[in-house]
Amino acid sequence: MTADATLRDHIGWVWYEKMHIVPERDVGMRHFLRFSSVNYYGTVYLNGQELISHVGGHLPFEVEVTDRLLYGSANKITVAVNNTLSWSTIPQGDFNYYNLQPKVIGNWTLTRAPEGAFTDIGNFDFFNYAGILRSVYIIKVPKKHIKDIHIMAEHRGSFIYEVSTGDVDEIEFRILDDDENEVYSGSGAEGKGQVDGVRPWWPRGMGNPSLYVFEAKLIVNSQVVDIYREVFGFRTVTWSQDKIFINDRPFYCIGFGMHEDFEIHGRGFDRAVMTKDLNLLEWMGGNCYRTTHYPYDEERMRENDRRGIAIIAETPAVGLKGFPKANNLLHIKMLEDLVSRDKNHPSIIMWSLANEPHTEKKESRNYFKALVDTAHALDPTRPVTTVYGPTNSGNDQTADLLDIICVNRYYGWYINMGSLDWVNSSLIYDIAQWKEIFRKPIIITEYGADSISGLNQEPSIDFSEQYQNEIIMKTHEAFDVLRQQNILAGEMIWNFADFMTGMSTTRAVGNHKGVFTRNRQAKMAAYTLRKRYLGLLDQTEHARQYTTHRYRYHYHYHH
Ligand code: GCB
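Residues numbered from 1 in each chain as written. Predicted model: local features only at pLDDT ≥ 70, side-chain atom pairs only at ≥ 80, totals over all residues. Heavy atoms only, no water.

- Within an unreviewed UniProt entry, the label attached to the protein reads Beta-glucuronidase, and the organism entered is Diploscapter pachys.
- Turning to the protein, the UniProt annotation filed under Function (unreviewed entry) states: "Plays an important role in the degradation of dermatan and keratan sulfates."
- According to the UniProt record, the Sequence similarities (unreviewed entry) comment for the protein reads "Belongs to the glycosyl hydrolase 2 family." (UniProt positions renumbered as here; feature names shortened; annotations may be inferred.)

What follows is the structure, encoded as structure tokens:
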């Protein structure tokens, strides 16, 4: 984030370096270096020795450094980061190398591009902010310690847990409610139990997002050597052909596509911006967002739990055009890392495998089958989706594999610009077909239009605030018809706020489909959306009180 265009446009290696002192009193503890997000490719060195390399920008990795640290003096931590994307990265990019032979014409030596030059264009519509994007930790733990806790807990109070230590020592645990009262205690590295009278985790509008703490103690020779506290919630996600249910009650997703993006620090994580964004999301009446188009920061996931904001968590696979085996393996690894990082968050209600893949291609089917199977095997408690864009219900090769279908549609913008009267019938027809063929819950995960804040035109014209506002209103009319027919399980505007992209003839200093500006000020469309969202949220609240005991919904687990 400099004023230097060469650095902004740089493709290739950059180097980060920092000195860090580990005190002598920590000899005997085990130390790990943990990187929350290094985009895209990173190699880590400690005191000049290469330790580890990692592929992929938005998921954590760690390496043990206990035996390599200098205790009581400074350590040099070096990270080399490379942002080059290609057909074998996720996301994919189009890397082109120009090694053009100069042509001699008369007295002139001519080349079409500088010799040995290259370009790299991502298959996605956001700026490829690279580097170390999130916190780096030095983790200090006892020799024997608890590595991880996995807890699956449903809203009636039953739970299954597993505490991993890498050893066979004794585990004791207890569950505390949000007032720190003990509601359960037990022992053993894995098992199950039942807490009576639990307060379930609810998304906002449906109830309180109650959280509990799973506190595990590792005991070696009757001594407690490590304590690990993990926050979780009791909640259940199920679905029928039409609807998604949370704790057996219908849940309608009222939400946003977003970005981790801000003017001053690009994709670098910032707590103040996160807080502002989530405050605005609540002000708007939202209950949900999708982590478009990569996993977001871990602190944000904790904040979602606490605020009762439901999440569709997405892998970094945006705009896939090719489906080779090697990409599939990398994609599966990213999905595993995502589930491993985020498995205990009650706010995450669904895994999204990809955004807008070219799944009209035959070879995408096996590729996606492997992903769906992995997600189901890793996590039997959450539905799996993919967000479709370039494909339709007639040519998509993968939609039948999923639990829930998400669709992005831009009627009135990319399709039939200016014909706002067509939005209604086009969208209804399109979505009704997906429904008829696949018979699964459908969420519209993107719709909208660019508007330049302050650009006003009456009658409306593209890029004016009026046009964005009108497209949104027209689309809502279609949503209401679909809702009446039980065809829609949720709606999400594209986008929460304006965000930076690469340079293109269709982008003017980034993408302007935000209902907020990049500085998080409301555009005209924000007020229209807010009115609708607050109304929908109110209906959710109403439905909660009204339907609880009167209807029994038929739902099923996917296995
Ligand atoms: C999409 C993409 C999103 C883009 C958006 C747009 O379908 O999923 O990444 O930013 O369209 O504005 O074109």
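Picking up after the structure, the text goes on.
Considerations on the site of the ligand
- Contacts to the ligand come from 13 residues, most closely from Asp125, His293, Glu356, Tyr414 and Lys513.
- One of the side-chain nitrogen or oxygen atoms of Glu356 is found 2.4 Å away from an oxygen atom of the ligand.
- Separating an oxygen atom of the ligand from a side-chain N or O atom of Tyr410 is a distance of 3.4 Å.
- The fraction of the free accessible surface of the ligand (320 Å²) that becomes covered by protein chains is 92%. (Near = heavy atom within 4 Å. Polar contact = N/O pair within 3.5 Å; in protein donor to acceptor, adjacent residues only side chain to side chain. Areas by Shrake-Rupley, 256 points an atom, 1.4 Å probe, with all protein chains shown as cover.)

A few points about the environment of Val225
- Note that Val225 resides in strand β20 (residues 223-232).
- A sequence separation of 157 residues divides Val225 from Arg68, and the C-alpha atoms of the two residues are 23 Å apart.
- In contact with Val225, other than residues within four places in its own chain, are Pro142, Lys144, Leu218 and Val220. (Helix = DSSP H or I, 4+ residues; strand = E, 2+ residues; numbered from the N terminus. Contact = heavy atoms within 4.5 Å.)

Examining unusual backbone geometry
- In the segment running from Asn39 into Tyr40, the intervening peptide bond is cis, with an omega of 5°.
- If you trace the backbone, Tyr40 turns up in the loop between β3 (38-39) and β4 (41-46).
- One non-glycine residue, Glu180, lies in positive phi territory at about 65°.
- Among the secondary structure elements, Glu180 is positioned in the loop between β16 (170-176) and β17 (182-187).
- Positive phi, normally seen in glycine, also occurs at Ser222, with a value near 60°.
- Tracing the chain through its elements places Ser222 in the loop between β19 (212-220) and β20.

Overview of the packing of helix α4 (residues 325-342) against helix α5 (residues 364-378)
- At a closest axis distance of 10 Å, the pairing of α4 and α5 adopts a crossing angle of 20°. Between α4 and α5, the interaxial angle falls into the category roughly parallel. Of the two possible hands of crossing, α4 and α5 adopt the one that is right-handed. In this structure, α4 contributes Asn327, Asn328, His331, Ile332, Leu335, Glu336 and Val339 to the contact, and α5 contributes Asn366, Tyr367, Ala370, Leu371, Thr374, Ala375 and Leu378. (Axes fitted to C-alpha atoms, helices over the stretch in contact; angles between N-to-C directions. Parallel < 35°, antiparallel > 145°, perpendicular 65-115°, else oblique. Left-handed = near helix turned anticlockwise from the far one by under 90°.)

Looking at the UniProt feature "domain: Glycosyl hydrolases family 2 sugar binding" (unreviewed entry) in the protein
- Residues annotated by UniProt as "domain: Glycosyl hydrolases family 2 sugar binding" (unreviewed entry) correspond here to residues 3-142.
- Within residues 3-142, the helical portion is 3% and the strand portion 49%, while the C-alpha atoms at the span's ends are 45 Å from each other.

Re the sheet that holds strand β18 (residues 190-194)
- The strand order across the open sheet built from three strands is β14-β15-β18, with neighbouring strands paired in antiparallel fashion. If you trace the sheet from one side to the other, it starts and ends with β14 (148-153) and β18, each paired once. Going from strand to strand, the sheet's axes swing by 15° on average, the running direction of each strand aside.
- The pairing of β14 with strand β15 (residues 158-164) spans six bridges and is antiparallel. Bridged to His150 within β15 is Glu162. (Pairing = 2+ DSSP bridges.)

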